[in-house]
Amino acid sequence: MRLPTRRVLPPAPRPALAAIAALLAALLALAAPAGPARASDAADEADLQFQLGTERYRAGDFRNALQHFLASNRLVPNRNVTFNIARTYEQLRQYPDAFRYYVLARDGEGDPDAKRRVDESLARLAPNVAVLRVQTEPPGATVYLDRKDLGARATTPRLLGVPPGRYRVLVEKEGYEPAEAAVDAALGQERDVSLRLTPILGEVRLEGPMLGAQVRADSEAGPAACALPCALSLTPGRHTLFVTQEGFRVAEVVVEVPARGSVTVRPQPNALTGTLVASSGDVRDALVEVDGRPSGFTPAVLTAPVGRHRVRISLSGFRPVEREVEVRLNEQTRLAVSLSTLEEVSAASRAVESVEDAPASVSVISSQELREMQYPTVAEALRGTRGVYLTDDRSYTHLGFRGFARTSDYGNKVLLLVDGQPTNDNILFQSYSGFEGRTDLGDVERIEVVRGPGSVVYGTGAFFGVVNLVTRRRDAPDRVEVGASAAEYGVARARGAVQRKLGDGAGVWASVGVAKGAGRDFSFPEYAAEGGNAQGRDGFEAGTVQGRVWWRDVTVQWFLHQRKKKLPTGEYETLFNDSRTDFVDTRGFVEARFEPRLGDGLQSLTRAHANLYRFNADLPYAEADGGLASEVYRGEWAGLEQRFVYAPTGSPLRLTLGGEGQRHFRASIYGEDNAGAYLDVNRPYWVAAAYGNADLGLGRSLKLSAGARFDYFSTFGSSVNPRAALIIRPYAGGTTKLLAGKAFRAPSPYELYNEGAVQVSNTDLRPEQVYSGEVEHSHRFSQAVVGLASVYANYVTDLIVSRDAGLGDGRQTLDNSSSPALSTGAELELRRDWRDGWMVAFAYALQRTQYLDDDGERRRVPNSPAHLGSARGAVPIVRRALMAMTRLTVESPRYDRYEYPADPPQRRTEAAAVWDVVLSGEAERAGVTYALGLYNAFDWRYAAPVSSEFRQRTVVQNGRTLLVSGAVAF
């Protein structure tokens, strides 16, 4: 059975019409059909009280009407009755009570018309009451005013209407300390009362011999809370602590935590051991050191704790050998060693020099490899380069260098150049290495990868490394080329290029390329409630125009690229699987150079450039959240650089001096939705720099390179960044580099000025800084075979991170972290350079990145694989008509993000092994080239972490894709 509907009262009738209204109500009641039987006696009485209240209200007897409505609501609560109570209070001019009941009537109301009616009533009452907006963190606290014995007023969050005056707001929640705040309430004004509740905790102190052991509370699989000796704050009651240390069994400690008290526990170690058998071939009695401690002489059988250990075997007169071994429980680990007795790059120094002479760790991806593998993007070409790894979040592709690629950095710690001209934008300082950067690599002759700090040469952004794309050379033969290809998931591409000599010392090269792809279909369990599947929502369109014209000492180059990309991921909590979600990125520049020789050994470079950056985003949201939002970034800037290089003929000295200025005329961020503009910022800025460098050869076996650069930004001030390198050739075929330097990344306009519903701007940000040291040694076994090993450390300070703004509204702000990060690692490489179509190369990188002081959270650095490996090889099958080249890249798991304290515990992705194989060739006489290949031929399904802009914590990377290409030149 159902109760008759209780109608919401209209406004009180005017006295002249009251009798007529009462009569009409009586006639309507008589005309209404008889309703069904009442559900209960309480319902009958409640309905009677409601009818009596209605009659008294219409008669203008508001006080008796109120009594009947209150009685009806006590018997059977009803939102419509609550609304009538509020309206009756309003007629009685008891405005605070009316406000309270209107708020109660709105709670849980699902009818939009009813909500609107209540909101109109609240707005009408607002001038007659003082409004307190009481909020707590966490919510759900009971609210009292002035005294608890007067009874609770509400549960947070809640709006309270009160008479004007001074109030003491008290809040209580079980498990938390009470809190209060004094507030002055003024008539017709709303005051925010935000209180953060402090949980009631107890303390557990952990001491004892297990120094450095990781402590986890209540879950062995959870994140580490601290390392011994330490103290934990826990909720009162019984807890189980899990104490873990490499080489020891897990110690479980059950502890009863007193409220507001302290208890001390001392976990005891229980070591796990295995056997290490160390030998040194024909040489005996070599010293064996395990983790820096002498442990015996070869041959030796040693007992060692379970885990990874650094073992060093040394003997006077022999080169020491160090290895990392893993000792397993109740197993025998053998370590057998043999003791032995005692290319061109321009991006490292902006001068062409051999790789061995460059004051940095350098890799070069040659034109032959680019031709044989037909890499579709810069990022794919860099996969497998030692220390470099990729992340594709389906919006952009980001490059990671030596264990560092934070998910929220937009690749802004790597500088991407085209023939020495930076292509990072001026709003986010983002690098563009996928299809968002260019449609193809058909005009790229080689890719130079320079690891380590490069601010001494390029200023901001050259933080962990520099990638320089070297395009067509001047002396290339005249040709016209057209081609088409298909790559990845149905990406169709077409391109055309022309190069012509225009006379003595003059020529032109220009190309245009277009691409269009349907993209992939995705299934995201995070969006199961919205259907989970994104189909046909990953496509893109892109186009690139680039070229160069030169005449003797003058060169002008240009570049313009645009990509429109659909987003399948629901990024920024947009409506999932909505076809309107897209990004449009545009980046262009024009650069002019004048490079005359002014005399014996004196070279001048005058460089002027103008740049353009555009970003447009359509972001659909529910109408309640603003509907279709759009964001537009605009960047326009120009720069001038003057550099002199003095290198007298026959002299071992090379001096470089220069200066640079940039004026960023426009750096604007604009956002609007259906309610209008929510962000409109334009902050032009300027940059000035001066730099110098000296390279000095000290005989045939020693070279010293040292320099520094001073940069001044109008947004934050100055930064000085030095670099020094000592290059030693201790023997024929051997080169050792000792490298040290510093780099910075200026806070971007996006980081400084972006403000909105989720972020508060912070204009006091300082630049991020990195201090780097590296030792690299290469050995040339023959003219074609080179081995290389390096170790490095990068110490990073002032990282720009997101924090709670402390305003009580949940918004975040960017700030410089007080927690430095340390990235250490080792790299190995062995390669046989291209010779008669044959090539083989192996690379491995062991890298460890960690936060040194993270306020006790013990976070893992996200998106940082500890191991990277690659193998590449090429073999001619039918001379140049058919070549086979393959590449295998492997990487260990990565931790996903941990950017906010509310984030769930970090998880790790799966390891990945990606195998690419390409068959390519050319019909030389016909000028035809072709290629057919598979990328990720294993179809290895693996994921990479993404930033907090995504509901997903990881996004699956590309599976198996087909490559087909063909071109003809004439």
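Procedures and definitions
- Residues numbered from 1 in each chain as written.
- Predicted model: local features only at pLDDT ≥ 70, side-chain atom pairs only at ≥ 80, totals over all residues.
- Heavy atoms only, no water.
- Helix = DSSP H or I, 4+ residues; strand = E, 2+ residues; numbered from the N terminus.
- Buried < 20%, exposed > 50% of the residue type's maximum accessible area, 1.4 Å probe, protein only.
- Polar contact = N/O pair within 3.5 Å; in protein donor to acceptor, adjacent residues only side chain to side chain.
- Contact = heavy atoms within 4.5 Å.
- Pairing = 2+ DSSP bridges.
- Axes fitted to C-alpha atoms, helices over the stretch in contact; angles between N-to-C directions.
- Salt bridge = Lys/Arg side-chain N within 4 Å of Asp/Glu carboxyl O.
- Phe/Tyr/Trp six-rings, centres within 6.5 Å; stacked < 30°, edge-to-face > 60°.
- Disulfide = S-S within 2.5 Å.
- Expected span 1.5 Å × (residues − 1).
- pLDDT = per-residue confidence, 0-100.
- Patch = residues over 30% accessible without salt bridge, like charges linked within 9 Å, V, L, I, M, F, W, Y side chains within 5 Å.
- Areas by Shrake-Rupley, 256 points an atom, 1.4 Å probe, with all protein chains shown as cover.
- Core = buried A, V, L, I, M, F, W, Y, C linked by side-chain atoms within 4.5 Å.

Enquirer: Could you give an account of the side chain of serine 772, naming the residues involved and the relevant values?
Expert: Note on placement: serine 772 falls in strand S49 (residues 768–780). Taking the relative accessible area as the measure of exposure, serine 772 reaches 10% and is therefore buried. Separated by 2.7 Å, the side chains of serine 772 and asparagine 794 make a polar contact. Setting aside residues up to four positions removed in sequence, serine 772 forms contacts with Pro453, Leu739, Ala740, Gly741, Ala793 and Asn794.

Enquirer: Residue-level account of the sheet that holds strand S20 (residues 321–327), with values.
Expert: Read across the open sheet, the four strands follow the order S17-S16-S19-S20; overall the sheet is antiparallel. Lying at the two open borders of the sheet, with one neighbouring strand each, are strand S17 (293–297) and S20. For this sheet, the mean inter-axis angle between neighbouring strands, taken without regard to orientation, is 30°. Pairing analysis gives seven bridges linking strand S19 (residues 307–314) to S20, with the strands arranged antiparallel. Across the sheet, residue histidine 309 finds its bridge partner in S20, namely valine 325.

Enquirer: Give a detailed account of unusual backbone geometry, specifying residues and quantitative values.
Expert: That bond from threonine 156 to proline 157 is cis: its omega, -5°, falls within 30 degrees of zero. Residue placement: proline 157 occurs in the loop between strand S3 (154–155) and strand S4 (158–162). The backbone phi angle of arginine 93 is positive, close to 65°, even though this residue is not glycine. Given the relative accessible area of 63%, arginine 93 is considered exposed. Although it is not a glycine, glutamate 488 adopts a positive phi angle of roughly 50°. Inspection of the secondary structure puts glutamate 488 in the loop between strand S31 (479–487) and strand S32 (491–503).

Enquirer: Outline the sheet that holds strand S15 (residues 273–279), listing residues and values.
Expert: Pairing is mixed across the open sheet formed by three strands, whose spatial order is S18-S15-S21. Edge positions in the open sheet fall to strand S18 (300–305) and strand S21 (332–336), since each of these has one partner strand only. Across the sheet, the axes of successive neighbouring strands diverge by a mean angle of 30°, strand direction being ignored. Here S15 runs beside S18; their pairing, made up of six bridges, is antiparallel. Across the sheet, glycine 274 pairs through a bridge with alanine 304, a residue of S18.

Enquirer: Please provide a residue-by-residue account of the pattern of salt bridges, values included.
Expert: For the coordinates displayed, the defined rule picks out 76 salt bridges. For glutamate 768, the salt bridge is made with arginine 406, and the minimal N-O distance between the two is 3.5 Å. Here the residue glutamate 768 occupies a position in strand S49, and arginine 406 occupies one in the loop between strand S26 (397–401) and strand S27 (414–418), the gap between them amounting to 362 residues. Residue classification places arginine 406 among the buried residues on the basis of a relative accessible area of 10%. Here aspartate 443 and arginine 495 are joined by a salt bridge, their closest N and O atoms 2.6 Å apart. Here aspartate 443 is found in the loop between strand S28 (421–422) and strand S29 (444–451), whereas its partner arginine 495 is found in strand S32, with 52 residues between them in sequence. By relative accessible area, aspartate 443 is classed as buried at 2%. For arginine 495, a relative accessible area of 14% corresponds to the buried category. Linked through salt bridges whose partners overlap, the residues forming this network are Arg350, Glu591, Arg593, Arg607, Glu641, Arg643, Glu660, Arg709 and Asp711.

Enquirer: Can you tell me about the pairing of strand S46 (residues 717–731), naming the residues and giving the values?
Expert: On any regular strand, side chains alternate: one points to one face of the sheet, the next to the other face. Both strand S45 (residues 702–713) and S46 contribute to a ladder of twelve bridges, which runs antiparallel. When the sheet's bridge partners are listed, glycine 707 is paired in S46 with arginine 723. A loop of three residues connects S45 with S46, the two strands running antiparallel in sequence. Pairing between S46 and strand S47 (residues 734–745): seven bridges, direction antiparallel. Paired with arginine 723 across the strands is glycine 741, a residue of S47.

Enquirer: I'd like a rundown of the side chain of glutamate 369, residues and numbers included.
Expert: With respect to the helices and strands, the residue glutamate 369 is situated in helix H7 (residues 367–373). At 2.7 Å, the side chain of glutamate 369 and the side chain of tyrosine 375 are in polar contact. Apart from the residues within four sequence positions on either side, glutamate 369 is in contact with Gln374, Tyr375, Trp834, Met839, Arg872 and Met885.

Enquirer: So what about the packing of aromatic side chains? Which residues, and what values?
Expert: Here the structure, examined in full by the defined rule, presents 22 aromatic pairs. Ring geometry for tyrosine 57 against phenylalanine 62: centres 5.2 Å apart, planes inclined by 70°, an arrangement best described as edge-to-face. Arranged with centres 4.3 Å apart and planes meeting at 10°, the rings of tyrosine 527 and phenylalanine 576 form a pair that is stacked. One end of the pair, tyrosine 527, is in the loop between strand S34 (522–523) and strand S35 (533–534); the other, phenylalanine 576, is in the loop between strand S37 (554–566) and strand S38 (582–594), with 49 residues separating them in the sequence. The class of tyrosine 527 is buried, set by a relative accessible area of 0%. An aromatic cluster is built from Tyr396, Tyr410, Tyr432, Tyr572, Phe583, Phe615, Tyr633 and Tyr750, whose rings are joined through pairwise contacts.

Enquirer: Report on the environment of alanine 251, specifying residues and quantitative values.
Expert: With respect to the secondary-structure elements, alanine 251 resides in strand S13 (residues 251–257). For the pair alanine 251 and glutamine 268, spaced 17 residues apart in sequence, the C-alpha separation works out to 7.2 Å. When near neighbours in sequence (up to four residues on either side) are disregarded, alanine 251 contacts Leu241, Phe242, Val243, Pro267 and Gln268.

Enquirer: Go over the state of the cysteines with me, naming the residues and quoting the values.
Expert: Defined simply, a disulfide is a covalent bond joining two cysteines at their sulfur atoms. A full pass over the atoms with the stated rule returns one disulfide. What pairs with cysteine 226 in a disulfide is cysteine 230, and their sulfur atoms sit 2.1 Å apart. For the pair shown, cysteine 226 and cysteine 230 are each scored as buried.

Enquirer: Can you tell me about the pairing of strand S55 (residues 867–878), naming the residues and giving the values?
Expert: Bridging between strand S54 (residues 838–851) and S55 involves eight bridges; their strand directions are antiparallel. Residue pairing in the sheet places alanine 843 in a bridge with serine 870 of S55. As paired strands, S55 and strand S56 (residues 882–891) are joined by ten bridges and run antiparallel to one another. Paired with valine 875 across the strands is alanine 884, a residue of S56. Linking two consecutive strands that pair antiparallel, namely S55 and S56, is a turn of three residues; a positive phi of about 45° is found at arginine 879 within it.

Enquirer: How would you summarise helix H5 (residues 95–106) if you had to cite specific residues and measurements?
Expert: The end-to-end C-alpha distance of H5 is 16 Å, a good match for the 16 Å that twelve residues give at a rise of 1.5 Å each. When H5 is considered as a whole, its buried residues turn out to be Tyr95, Ala98, Phe99, Tyr101, Tyr102, Val103 and Ala105. Contacts made by the buried residues of H5 are with helix H3 (62–75), helix H4 (79–91), helix H6 (112–125), strand S1 (130–137) and S4.

Enquirer: Explain H4 to me, using residue names and the numbers behind them.
Expert: With 13 residues, H4 should reach 18 Å at 1.5 Å per residue; the first-to-last C-alpha distance of 19 Å fits that figure. Most of H4 is tucked away, with ten of its 13 residues classed as buried. Those residues of H4 that fall on the buried side of the exposure criterion are Val81, Thr82, Phe83, Asn84, Ile85, Ala86, Arg87, Thr88, Tyr89 and Glu90. Structurally, H4 contributes buried residues whose contacts are with helix H2 (41–58), H3, H5 and H6. Just downstream of H4, arginine 93 is the residue with a positive phi angle, here 65°.

Enquirer: Quick rundown of the confidence of the model for the chain? Include the residues and the values.
Expert: For the chain, per-residue confidence averages 88 on the pLDDT scale, and residues scoring 70 or more make up 94% of the total. Considering only residues more than four positions removed or in separate chains, one finds that residues 1–5, a stretch of pLDDT under 50, has eight contacts. Predicted confidence is poor over residues 13–38, with pLDDT under 50, and the contacts of this stretch with residues over four places away or in other chains come to twelve contacts.

Enquirer: Residues and numbers for a nonpolar patch on the surface, please.
Expert: A surface patch of nonpolar side chains, about 420 Å² in accessible area, is lined by Leu888, Val890, Trp915, Phe938 and Trp940. Within the secondary structure, valine 890 sits in strand S56.

Enquirer: Any chance you could break down the nonpolar core for me, citing the residues and the numbers?
Expert: Side chains of a nonpolar character, in soluble globular proteins, are inclined to be buried together. One finds Leu370, Leu382, Leu399, Phe401, Leu441, Ile447 and Val467 to be the most contacted residues of the largest nonpolar core, which totals 45 residues. Among the elements that take part in this core, helix H8 (residues 378–382) stands out by supplying four residues, more than any other. In this structure, leucine 382 is in contact with Ile365, Val388, Leu399, Ile447, Val449 and Val467, ignoring residues within four places of it in sequence. Counting 31 residues, the second largest nonpolar core, distinct from the first, contains Tyr396, Tyr621, Leu765 and Leu814.

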